[in-house]
Amino acid sequence: MEHQEMIYGCHAILEALQECKPIDQILIKKQSDNEQIREIIFRARKQNVTIKSVPIEKLNKLTRKAHQGIIAFMSPIEFQDIEQIVPSIFEKGGNPFFVILDQVCDVRNFGAITRTCECMGVDAIIVPQKGSAQIGADAIKTSAGALFKIPICKVRSLKGAVAFLQESGIQVVCVSEKFSENCYDADLTQPIALVFGAEENGIESSIIEMANSSIKIPMQGEISSLNVSAATAMCVYEVCRQRK
């Protein structure tokens, strides 16, 4: 696990949650169940903090101190609320542009994507509470500091986020080599959110079904797919090209 500020013990973590400190994830010993643990889980879920149940051996490897079966990793950034960002863009007369990452867990891919999005004027990146890259030193380094400049929205449900965007008049477009429409032929000038999936599993089928449309990047070589950060860069650039 990459270097990241760590706090441990029920009291310290509960206090951090009560003060709404930015926490990236909490690791809890399997089968832990007491009043403090339940309150931590309740507050963490309300704040969209990732919670993982892990063997005691994992916690012991992270610290030799008395962790009480629970360790939290502080986030170096404040996560933003997508439901506040969207109306503020419209109020300023902007043309919303978002990137949604479905289960993109690789830290360096995430950092590279963040750097591209910030450079190309993406308004925010949306990631799920579970199954997203850990935001620490490696992600910040790969992003060249872009993680401090572009809003990152961690949501409990990607389907809920997609529904909210669509209700707000934003077209949700999935990107994969499996689709038929060429990204260069699609109209990407309207308010838009591009969805990219992890290279192993792709975009969740339920998100594809909800999407307004699906596009692909045309390939000419023998390898049929791109690294997710490269694919994101190409499609984000195409949105900017069409809008100009």
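Quick note: structure is the one above.
Note that the coordinates shown come from a computational prediction; the quantities given were computed from them, not determined experimentally.

Trainee: With reference to specific residues and values, describe the sheet that holds strand β9 (residues 192–197).
Mentor: A sheet is described by the order of its strands in space; here 6 strands give the open sequence β7-β6-β5-β9-β8-β10, paired in parallel fashion. Two strands bound the open sheet, and with one partner strand each, they are β7 (152–155) and β10 (213–215). For this sheet, the mean angle separating the axes of adjacent strands, direction not counted, is 25 degrees. Bridge count for strand β8 (residues 171–175) against β10 is 3 bridges, and the pairing is parallel. Paired with V173 across the strands is S213, a residue of β10. Helix α4 (residues 82–91) contacts β5 (97–102), β6 (124–128) and β7 of the sheet and is inclined by roughly 160 degrees relative to β5. Of the strands in this sheet, β5, β8 and β9 are in contact with helix α9 (residues 228–243), which crosses β9 at around 165 degrees.

Trainee: Run through the pattern of salt bridges, naming residues and quoting values.
Mentor: The final tally for this structure, using the stated rule, is 6 salt bridges. The closest approach of N and O atoms between K154 and D24, which form a salt bridge, is 3.1 Å. Here the residue K154 occupies a position in strand β7, and D24 occupies one in strand β2 (residues 23–29), the gap between them amounting to 130 residues. When its relative accessible area of 3% is taken as the criterion, D24 is described as buried. Here R43 ties to E39 by a salt bridge, and the two come within 3.1 Å at their closest N and O atoms.

Trainee: Describe the sheet that holds β2, and please don't skip the residues or the numbers.
Mentor: Here 4 strands make up an open sheet; going across it, the order is β1-β4-β2-β3 and the pairing mixed. Both edges of this open sheet fall to β1 (6–8) and β3 (50–54), since each of them pairs with a single strand only. On average, each strand axis in the sheet is inclined to that of its neighbour by 20 degrees, with strand direction left out of account. The pairing of β1 with strand β4 (residues 70–74) spans 3 bridges and is antiparallel. Among the inter-strand pairings, I7 is bridged to a residue of β4, identified as A72.

Trainee: Describe the pairing of β8, naming the residues involved and giving the relevant values.
Mentor: Of all 5 residues in β8, 4 are buried, a share of seventy percent or more. Pairing of β8 with β9 involves 4 bridges; the strand directions are parallel. Within the sheet, the bridge partner assigned to C174 lies in β9 and is V195.

Trainee: Please provide a residue-by-residue account of the nonpolar core, values included.
Mentor: With 35 residues, the main nonpolar core has L101, F110, I152 and L194 as its most contacted residues. For this core, the secondary structure elements donating two or more residues are β5, α5 (107–119), β6, α6 (137–142), β8, β9 and α9. Ignoring any residue separated from it by four or fewer positions in sequence, one finds F110 in contact with L101, I125, V127, A133, I135, A139, L147 and I152. Listed in part, the 24 residues of the second largest apolar core include I89, I100, L165 and A193.

Trainee: Summarise the packing of α5 against α9; cite the residues concerned and give the values.
Mentor: It is the contact of α5 with α9, at a shortest axis distance of 9 Å, that shows an interaxial angle of 10 degrees. Judged by the angle between their axes, α5 and α9 are roughly parallel. The chirality of how α5 crosses α9 is right-handed. Residues N109, A112, I113, T116 and C117 of α5 touch α9, and the partners they reach there are V228, S229, T232, A233 and V236. Considered class by class, the residues forming the contact of α5 with α9 number 6 nonpolar, 4 polar and no charged.

Trainee: Break down the environment of Q18 for me, citing the residues and quoting the values.
Mentor: With respect to the helices and strands, Q18 occurs in helix α1 (residues 10–18). Dropping the residues within four chain positions of it, Q18 is found in contact with E39 and R43.

Trainee: Break down a nonpolar patch on the surface for me, with residues and values.
Mentor: On the surface, Y184, M219, L226 and M234 cluster together into a nonpolar patch covering about 320 Å² of accessible area. Counting through the fold element by element, L226 comes out in the loop between β10 and α9. On the accessibility criterion, L226 (31% relative accessible area) is partly exposed.

Trainee: Pulling in residues and values, what's your account of unusual backbone geometry?
Mentor: Of note in this structure, Q103 is not a glycine but carries a positive phi near 65 degrees. Among the structural elements, Q103 can be located in the loop between β5 and α5. If you check the backbone angles, A144 has positive phi at about 55 degrees while not being a glycine. For A144, the position within the fold is in the loop between α6 and β7.

Criteria and cut-off values
Along each chain, residue indices are assigned from 1 in the same order as the chain's sequence is written. Local features in this predicted model are restricted to residues of pLDDT 70 or higher, and side-chain atom pairs are both shown and tallied only at a pLDDT of 80 or more, whereas totals for entire chains, interfaces and linings draw on every residue. Side-chain calculation: all heavy atoms of the structure are included, whereas hydrogens and water are not. Strands pair, by our definition, only if DSSP identifies at least two bridges between them. Numbered from the N terminus, helices here are DSSP runs of H or I no shorter than four residues, and strands are runs of E no shorter than two. Each axis is a line fitted through C-alpha atoms, and for a helix only the stretch in contact is used; angles between axes span 0 to 180 degrees, taken between their N-to-C directions. Throughout, a contact is declared for two residues whenever any of their heavy atoms are within 4.5 Å. Think of a salt bridge as a Lys or Arg side-chain nitrogen and an Asp or Glu carboxyl oxygen that are within 4 Å of each other. Accessible area is worked out with a 1.4 Å probe on protein chains only. A residue is then buried under 20% of its type maximum, exposed over 50%, and partly exposed in between. Among the buried residues, those of types Ala, Val, Leu, Ile, Met, Phe, Trp, Tyr and Cys that are joined through side-chain atoms within 4.5 Å form a nonpolar core. These descriptions rest on fixed angle ranges, namely under 35 degrees for roughly parallel, over 145 for roughly antiparallel, 65 to 115 for roughly perpendicular, and the rest for oblique. Note on convention: the crossing is left-handed when the near helix lies turned anticlockwise from the far helix by less than a right angle, right-handed when the turn is clockwise. Gly falls in the polar group here, along with every residue not listed as nonpolar (Ala, Val, Leu, Ile, Met, Phe, Trp, Tyr, Cys, Pro) or charged (Asp, Glu, Lys, Arg). Nonpolar side chains (Val, Leu, Ile, Met, Phe, Trp, Tyr) are joined into patches within 5 Å and like charges within 9 Å, using only residues with over 30% relative accessible area and no salt bridge. Working definition of accessibility: Shrake-Rupley area with a 1.4 Å probe, residue cover restricted to the visible protein chains.

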